[in-house]
Each structure stands twice: as structure tokens, then as C-alpha cells.
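Working through the structure, step by step
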Amino acid sequence: MNLRIFVGAPRASQSELEIETVSEIVAATDEREGRQWFGWLAPVLSLAVFALVIYVIHRELGQLHLRDVLARLTAVPTLTLLLAAAFTALSYWLLGFYDWLALRYVGRTVSYTRTLFTAFIAYAFGHNLSFAAFTGAAIRYRLYSSAGLSAADVATVSAFCSLTTGIGFAVVAGVSLLVEPAQATTALHLHRGWAMFLGLALLVLVASYVIWGLNGLRVIEIRGWALRPPGARVVIPQFALAVVDIGVAAAVLWILLPSDANIAFVTFAGVYAVACFAGIASHVPGGLGVFESVIIVALPHVARDVLLGSLLAYRAIYYLAPLLIAACLFASRELTEQRAKISLVVHTTASFIAPIVPQVSGTLVFLAGFVLLISGATPGIDARLADLKRFMPLPVLELSHLAGSVIGLGLLILARALFRRVHAAFQITRGLLLAGIIASLLKGLDVEEALFLVLVLSVLWVGRRGFYRPSSILQVRFSAAWVVSLTGVIAFATWVGYLAHRDVAYSNDLWWTFALHGDAPRMLRAVLVVSVLGATFIVANLFKPPPPASQQGWGADWERVAAVIATSHHSLANVALAGDKRLLFSDAGDAFIMYQISGRSWVALGDPVGSADAHEELVWRFRELADRQGGWAVFYEVSGDRLPLYLDLGLAPLKLGEEARVRLTDFSLEGSERASLRRAHRRAQRDGAEFQMVSKDGVDELMPTLKEISDAWLVDKATAEKGFSVGAFSPAYLRHFPVGVVRSEGNPVAFANIWVSADKEELSVDLMRFSADAPRSAMDYLFGELMLWGKAQGYRWFNLGMAPLSGLERHPLAPAWHRIGSFVFRHGEHFYNFEGVKNYKEKFHPIWEPKYLMSPGGLALPRILTDVSVLIAGGVKQLIGK
């Protein structure tokens, strides 16, 4: 089997390659277009659930008027609000112990202050929004990774916290169904027998987990993760914490219910647990509407306006208030501190918030746009409008109201670009927020709304250094989830406007009515303008023609490609000259990404090549290019020191193995540690081996002989040419490189073409082939001579290439990929000599550096690994054959 099975694709002549590439583009495009609908399935289903919820709420509310709801909301006693706020603080404090226990479970130590800070931020944002970019797992990864936790650790922490929440839901709901079956069956519309059976089943399930956690000896596999028994020191506090926290969270809403609700706390806690679970399962941001629907349906005897007022108070206290506090923590503008302490505060805060500035700012800007749209759909406060009339003409009020809604739409759109760190989006968002503050005051003295926008603007300003990408906003194409989210927000605002003004009879004259208290006409005009602008943007975005997959015509422009390669400090950049990959150049033409498409995977090889200043923009462009085509952006064989570059794209790391690099400055064949290498070198010399370095100008003269050696080697190894991450024998390709040749009795018997890098940073071997006449130790001899030659020429490193699956963790808590890869590394000799490759390279005493595959991960990972393997092997047939 070929030594490079994990890094190799068939080669064709240059003319054949161009025709082949065009056909591959057409085929890949057809495949992607046929499957793009799948990416819309989950977002559309979420929107359908949201629409169903709106219908249920609309039916249940009947003739309810918004003014009645707001009146009930303002009638909630102050003492009740303070008590609810106290329970909310207690709940979020308890949530911090979720993370503390999880870290204890994975054996990691993080200060409780940092743990509480991270947990609070993660839950504050996770409770309010459900998009993948906003989840608590993403927040945890970015904050805990700076504390030394790996991706596997953070994933385990997130899973542990989710499990703890599930335990709490199951216990509270189960106890409610068993202890108060009469009220529970009425509230949840279940038969008494089924209710008790369901409650018992939930408690048995939790009890089984607790018993296993206390006494279990087996590790349980759940979807690729190893679940080790936590032990009594973890599982007992986990159980108690989950039950108490869900009970405290339920108490927040329970004490806000009106006195005539007449529902026992145990019963209500079960209803609350079911409502929370329904909200999470719906994937609707914050469970908005879904949670409320369950509560409204479960409490049919409570007056709708009173109940809805309680639910709004609960949303404000348990959801929005913590979110605003979290935003304030990120802003951390402690201007009252002494000047000597300000730098320390800023430095400490920056270490926490810098990694997630785009996520925080994007979330708050999205929420600000939502608030402005809802504000534009609801009536103003009469007393404030009367005060406003004294010093502001009506046309200004009308224009401000319409402008506020349009600004809200603009903020929703810009939130996407903020997540992508686009500098222009930051500049425009800052201007829109300032305009929104002014519009909020001019359209109805909405001071609370203006203060919220000031807060969002402050957070955006604090994180301004996080927005450095020079991309155009128009280049940021919306994904299916964002299109559906934008559509859902506009539809929701329209429904709120209809609900708030249902008592106003519709007539065509409303469109042309301008009056101080003309809230309904203003709502109609705002909804129309926002709907038209939103639909126009979405349609233009969906039908925007995708940019070309790569800059065309580079195949004949070898000088341009070689000029960029000459600036790279990594020898792998030379594989671009093989001509079998597409190149995505930077705007300045001083850097490129080399990639190829396999299935739905857009696989980039290595880190970007060329000017480091262009790398950030290039990887984002590549990610967006793959997104537009419905593909997965994948970066294969990237270095560990560049991981933050890809983590910002939302990609997950997967360790492929380790790369061996020999330090040439102190390399020698002398000494005891190189004794075996020295003996092999001398043995080859005794067998008549001689080394010659042939410059690239002299390669043509040897080409016929080199081809004979290569063909014989392929036949002897019963293999075909590989590709993608290695070159293949081609005269046009080999002419670009010097070649190291081993001669025996004056005749070439082995050769290797040499890749070199800028500033003599490193050199490495690409093709290394030998004939049957070569001495037994020809490989050791050739490597030794090349390293000695490189040292004499002033090169600092010799790259021996990667040892696949080397260095993977064997710990029971390690990710499934590490444990499977480690097992294959030790026992997979039938397929590939993994351990033999590692041991061979080890005798050169290299420094081992990890190499990673960056991809979306998740359920797509098996397909991505298959796509990459097929691409490297040159096809399915080559993958499964020798």
C-alpha cells in the first residue's frame, strides 16, 4: 500500500485537467442545487411551528386588547416584582454550579468567579436566542478555551449542563404528575392514568441514571461520546441542583400569577417544566410564543389579559433583565473607578469578552432591531404624545415613526454581517443606532427604548476592534436560517400590530390619515414599508449570482503562482504547482487558498499561502463561497497556531495526526542517538550509493530515467498516483523543483523532488521513488543526504510530513474520534502501517507538531471525512484499493 494513502489524486495532462475541471464543476453544481433544499428544512419547520404558535395564541386571546394587557402588567405589585427578581438572581446563581459540577466531572479546574461569569453569560444569551451562533456552547467554548480547556472538554461541559437541565425537567414534571394528578391532567389535557404513567416513567428514568452514576462500572456510549459514571461526589449534587433550580425558576412565574390562578406550586412546576421543554424543542429563539402557548392552554380558568401580563413580566425579569446585565458586564465601563484601576479592569474584561465580541454585539443588534419593529407596530403612550406635541410638529413624528421601523429592519440585516466581523457593518450599525435613539425619542418619547439602544451602542463601541474585515456587506449572503428568522420577525411584528389595533375598523382612508393619535395608520405604513424592503432584500439576496469558485486562467500563469509560493514559509505551498486544485486569490493577488470540491465538502489544503495580512479575509471569503453553494467549508492539515483563525468561522477542530519536523541547525549523523541512521547511511555507501542534487534546470535531461524509476515503483507497489496534498509524476510539474538523486554504479536508482520555502525556513520531500536496483538503505541514505545538504544551504527545518492518527488521546473521556483513531493507529496494520510510519520518522528525532481538520463537525463529520478521503485517494476505487 502506498505510504501516502491519506495524502494523495490521479493526475492528467494540463489540457485534460482543464476539461476535467469544467465537467467536475458542472457535476458538483448540479449535485449541490439538488440538495440545497435540505438546508431549508429545519428553518422552515421552525417557522411553521412558530406560525402554529401564533395561531394558537391568537385564537386563545380572543378579543383581548393590548392596552388591557399592559394595564395588567403595570398593576403587578412592586413587592411581587422584587420577589420575582430575587428568585431570578437565585436561579442564575444556581446555574453557575451547573458549570462548576461539569468542570469537576471532566477534571478541570477553573476559578468559581470565572465559572460563574461564563455560565451567566452563556445562559443569559442562550435563554433568549436559539440560533447556532448564539448558543451557550459557543459562548462557553470561547471563554473556557482561554482558560486551557479543549474543544472536547467544553463539549462535555455543555452536554453535562444539558443533561442536568433534563434531569430537573424530568423530576419536576414527574413529581407533579404523580403527586397532583387531578390538577396536572386538567392542565396538560392528559388522561389520569397516562399522566401517572408518564410521571412514573420520568422518575424511573432519572432514578436509573442516579443509580448508574453512583455504582455504574461501565462507560456508556451516546452518539460517539463516552459517558463515565460521575460518582457520588457529582451525581448527588447534580440531582439536587437540577431539581432546586427548576423549582426556583418556576417560582419566578408562579409568584407573578394572579391570586385567582388557584394552582398548587407542585402542579404548576410540572406545567412550567413541560412548557420550557416545548420551547427548547421548537428551536424558536427563546421559545418565544411556544412557552406562552403551553402556559395559556394549561391555565384556561385564568383571565387572558391578566395571565399575559404575568407572562410579559416573567419574560422581562427572567429573560431580558439578565440579558441586559450580561451586556453590561461585557461593556464593563467602570468610569467611576480610580484611573489606576481602569487599565486593570479593561485588561481583565478584554480577556473575557474579546473572543466573543461579534456574537454579543450581533445578538444585541438583532434584538435592538426586533425591539424597534415591535415598537413601530404598537401604540405610543398618550401622555407622552401630548407632551411631544407641544414642541414638535406632526410631520416629524410621522417620519420618525416610519424611520424607526426601517432602522429596525436595517439592524436585523446588519446583525449577520457583525457576526462575520465586517468593519463596514460596524460603521453603519453605529450610525443606525444613533439614528434609532433619536427616532425613539421623536416618535413618542420612548426613553426606555432609547436607553436600550444606548446600551447596545456602548457594547458595540467597546468591541469595535473586533470588526476588522474589509468585506462588503452585500457579499454576506443570508443562510436559510437567517432568511427564515428575518421573515419570522417581520411576520411577528405585523401580527402584534394587528393585535394591538384590532379595535380600529379598516378602511382605505387609514393609509392617508395623519394625526397625533393615529397609531393604526402609522402601523400600517410602517408594516408596508418594512415588508416591501425586507422582501426586496431577501429576494435580491437569494437570487444573487454566486461569484466564480476561483480566479480563472491561473493554470497558464505559473509565474504568478510561483511568486506567491516564494513568499511562504511552509514548503507545502509548492503543491499548488501540481495544477489539480482551484485557487482563490486575495484581491491584491499576494495570497491564495488552494482547494478542491468533493461531494458537498469544499476542502482547502493547509493554511492560506502568501501575505499574512490577507489570510483573515481569504478564509472568510472561502467560507462564504462554500455557504453560497450549499457546501461545507473544510480546511485540511492546518497548523495548531492558526486555530483561532478558523474558530472565528464557527468551525470545529479535529486532530488528524502529527507532523514531524527535524531541526537542521543541530542535525548530524554523529552521536549515539543517530547510530542506526548512521549505520544505514554507511551501508548504502558500501553498496555503491552516491548522492547528487540536480538543479531544476538540469531535471529535463534526467526526465526519461526518472520516469522509468517512477513507473517501476508504481508497479512494484501496486498503486496509482495520488494527489491533492502531494504531487504526482509529471514532467511539467517536476521542472519546478530541484531533485535529489541516488546513483548506484553511476546510474540513477532513486530520486525525490524537493519543496523549499521562503527565507530558507524549511524544505521537504514530495515524490520519493526508487527502483529495484536501489541499495537496501536507499531511503535512509537519501533522507540523510538531503538533511545534510539542507543544513549546508542554511535551511532551518526539514519537514518529514505527517504521521496520520499519531498523538490522539486514549483517555475514556476523549472524543470518540480520538479513541477510534488511537485504536486504528495501534491495530490497523492491515489497512495502513500507521505505527510503522510514526516509528520510522521518530528515528530522525523530530519535533512533532499537531495538524488539524477544521470543519462544521456535528452530524456532517462522517460525510466530510469520507469526502476528504475520496478526494485525497483520487476516487472511491482508489480509496478502497491499493
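The numbering scheme is per chain: residues are counted from 1 as the chain's sequence reads. Given that the model is predicted, a residue must reach a pLDDT of at least 70 before its local features are reported, and side-chain atom pairs must reach 80 or more before they are shown or counted; all residues, however, enter totals for whole chains, interfaces and linings. Processing note: side-chain calculations cover all non-hydrogen atoms of the structure and skip hydrogens and water entirely.

**Side note on unusual backbone geometry**
In plain terms, the rule: Strands here are runs of E lasting at least two residues and helices are runs of H or I lasting at least four, both read from the DSSP assignment and numbered beginning at the N terminus. A simple rule labels every residue: compare its accessible area, found with a 1.4 Å probe on the protein chains alone, to the largest value its type can have, and call it buried under 20%, exposed over 50%, or partly exposed in between.
The backbone of glutamate 745 sits at a positive phi, close to 55°, despite the residue not being glycine. Secondary-structure assignment places glutamate 745 in the loop between strand S10 (739–744) and strand S11 (747–756). Accessibility expressed as a relative area gives 73% for glutamate 745, which makes it exposed. Positive phi outside glycine occurs at aspartate 759, with the angle close to 55°. Checked against the element boundaries, aspartate 759 lands in the loop between S11 and strand S12 (762–770). With a relative accessible area of 54%, aspartate 759 lands in the exposed category.

**Regarding empty space enclosed by the protein**
Just so we agree on the cut-off: Throughout, the protein atoms alone are placed on a 1 Å grid, and a set of points is a cavity if a 1.4 Å probe fits but cannot get out or a pocket if it is open with protein on both sides within 12 Å along at least five of seven lines; lining residues have an atom within 4 Å of a point. Grid points are joined across faces, edges and corners, and a volume is the space filled by probe spheres set on the points. In this classification, Asp, Glu, Lys and Arg are treated as charged, Ala, Val, Leu, Ile, Met, Phe, Trp, Tyr, Cys and Pro as nonpolar, and every other residue, Gly included, as polar.
Approximately 70 Å³ is the volume attributed to the largest cavity. If you trace the largest cavity, you find it lined by Leu373, Gly376, Ala377, Ser405, Ile490, Ala493, Thr494, Ala526, Val527 and Val530. Mapped by element, the contributors of at least two residues to the lining of the largest cavity are helix H14 (357–377), helix H19 (480–500) and helix H20 (519–542). In the lining of the largest cavity, the residues fall into seven nonpolar, three polar and no charged.

**Digging into the pattern of salt bridges**
Convention followed: Think of a salt bridge as a Lys or Arg side-chain nitrogen and an Asp or Glu carboxyl oxygen that are within 4 Å of each other.
Counted by the stated rule, this structure contains 13 salt bridges. The shortest N-O distance in the salt bridge between aspartate 867 and arginine 863 comes to 3.2 Å. One end of the pair, aspartate 867, and the other, arginine 863, are both in helix H30 (residues 861–873), four residues apart, so they sit about a helical turn from each other. Judged by relative accessible area, which is 30%, arginine 863 ranks as partly exposed.

**A few points about helix H21 (residues 558–565)**
The criterion, for reference: Along the arc lie the directions from the helix axis toward the C-beta atoms.
Turning to H21, its buried residues are Val561, Val564 and Ile565. End-on view of H21: buried residues confined to an arc of 105°, all on one side of the axis.

**Describing the side chain of aspartate 446**
What counts, and what does not: Any pair of nitrogen or oxygen atoms within 3.5 Å is treated as a polar contact; in protein, a donor-acceptor pairing is required on top of that, and neighbouring residues in sequence qualify only through side-chain atoms on both sides.
By secondary structure assignment, the location of aspartate 446 is in the loop between helix H17 (423–442) and helix H18 (447–462). Side-chain polar atoms of aspartate 446 contact the side chain of lysine 443, separated by 2.9 Å.

**Topic: the environment of leucine 533**
The condition that has to hold: We call two residues in contact when some of their heavy atoms are within 4.5 Å.
Locating leucine 533 in the fold gives a position in helix H20. Residue class for leucine 533 comes out partly exposed when judged on its relative accessible area of 39%. Between the C-alpha atom of leucine 533 and that of valine 406, which follows or precedes it by 127 residues, the distance is 8.3 Å. Once residues within four sequence positions are removed from consideration, leucine 533 is found in contact with Val406 and Leu409.

**Quick look at the nonpolar core**
Note the threshold: Here, nonpolar core refers to any group of buried Ala, Val, Leu, Ile, Met, Phe, Trp, Tyr and Cys residues whose side-chain atoms link them within 4.5 Å.
Membership of the largest hydrophobic core comes to 117 residues, with the highest contact counts inside it found for Tyr272, Phe291, Ile295, Tyr314 and Tyr318. Core analysis: the next-biggest nonpolar cluster, separate from the first, contains 45 residues, Ile709, Phe737, Trp755 and Val868 among them.

**So, helix H27 (residues 778–793)**
Our working definition: Every helix has an expected span of 1.5 Å times one less than the residues it contains.
The end-to-end C-alpha separation of H27 is 22 Å, in line with the 22 Å expected for 16 residues at 1.5 Å each. What H27 keeps buried is the set Ala778, Asp780, Tyr781, Leu782, Phe783, Gly784, Glu785, Leu786, Met787 and Gly790. Looking one or two places after H27, you find glycine 794, whose phi comes out positive at around 95°.

**Observations regarding the pairing of S11**
The condition that has to hold: Paired strands, as defined in this entry, are two strands with at least two bridges between them according to DSSP.
Counting buried positions along S11 yields eight of 10 residues, so the element is predominantly enclosed. Bridge count between S10 and S11: six bridges; the pairing is antiparallel. Bridge assignment links glycine 740 to a residue of S11, and that residue is alanine 752. Turn length for the S10-S11 hairpin, with the two strands adjacent in sequence and antiparallel, is two residues, and the turn residue glutamate 745 shows positive phi of about 55°. Both S11 and S12 contribute to a ladder of six bridges, which runs antiparallel. Bridge pairing links alanine 752 to methionine 768 in S12. In sequence, S11 turns back onto S12 through a hairpin of five residues, with aspartate 759 there showing a positive phi of about 55°.

**What about the packing of aromatic side chains?**
Here is the rule we go by: Each Phe, Tyr or Trp ring, with Trp reduced to its six-membered ring, pairs with another whose centre is within 6.5 Å; inter-plane angles below 30 degrees give stacked pairs, above 60 give edge-to-face pairs, and intermediate values give tilted ones. Charges are assigned to positions over rings by a cutoff of 6 Å between ring centre and Lys NZ or Arg CZ, combined with an angular limit of 35 degrees from the ring normal.
This model, assessed by the stated rule, comprises 24 aromatic pairs. Consider the rings of tyrosine 92 and tyrosine 318, whose centres lie 5.3 Å apart with planes at 45°: the pair is tilted. Taken together, the residues tyrosine 92 in helix H3 (residues 78–106) and tyrosine 318 in helix H12 (residues 304–331) connect sequence positions 226 residues apart. This pair shows no difference in class: tyrosine 92 is buried, exactly as tyrosine 318 is. Summarising the aromatic geometry, the rings of tyrosine 209 and tryptophan 212 are spaced 6.0 Å apart at their centres and angled 40° between planes, so their arrangement reads as tilted. Remark: tryptophan 212 and tyrosine 209 occur in helix H8 (residues 192–215); sequence separation between them is three residues, near one turn of the helix. Side by side, tyrosine 209 and tryptophan 212 carry an identical accessibility label, which is buried. Grouped by ring-pair contacts, the aromatic residues Tyr92, Phe120, Phe268, Tyr272, Tyr314 and Tyr318 constitute a single cluster. Lying over the aromatic face of phenylalanine 585, arginine 560 brings its terminal NZ or CZ to 3.9 Å of the ring centre. Lying across the ring of tyrosine 795, lysine 760 places its NZ or CZ 5.9 Å from the centre.

**Examining the packing of H17 against H18**
Spelled out, the test is: Here, axes are lines fitted to C-alpha atoms. For helices the fit covers the stretch in contact, and angles between N-to-C directions go from 0 to 180 degrees. In this scheme, roughly parallel covers angles under 35 degrees and roughly antiparallel covers those over 145, while 65 to 115 is roughly perpendicular and the rest are oblique. Here a crossing is taken to be left-handed if its near helix is turned anticlockwise relative to the far helix by less than a right angle, and right-handed if that turn runs clockwise.
Interhelical geometry of H17 versus H18 gives an angle of 165° and a closest axis separation of 8 Å. Taken together, the axis directions place H17 and H18 in an arrangement best described as roughly antiparallel. For H17 against H18, the interelement crossing comes out left-handed. Contacts between H17 and H18 involve Phe426, Thr429, Arg430, Leu433, Leu434, Gly436, Ile437, Ser440 and Leu441 from the former and Val447, Glu449, Ala450, Leu453, Val454, Val456, Leu457 and Leu460 from the latter. Tallied by class, residues from the contact of H17 with H18 come to 12 nonpolar, three polar and two charged.

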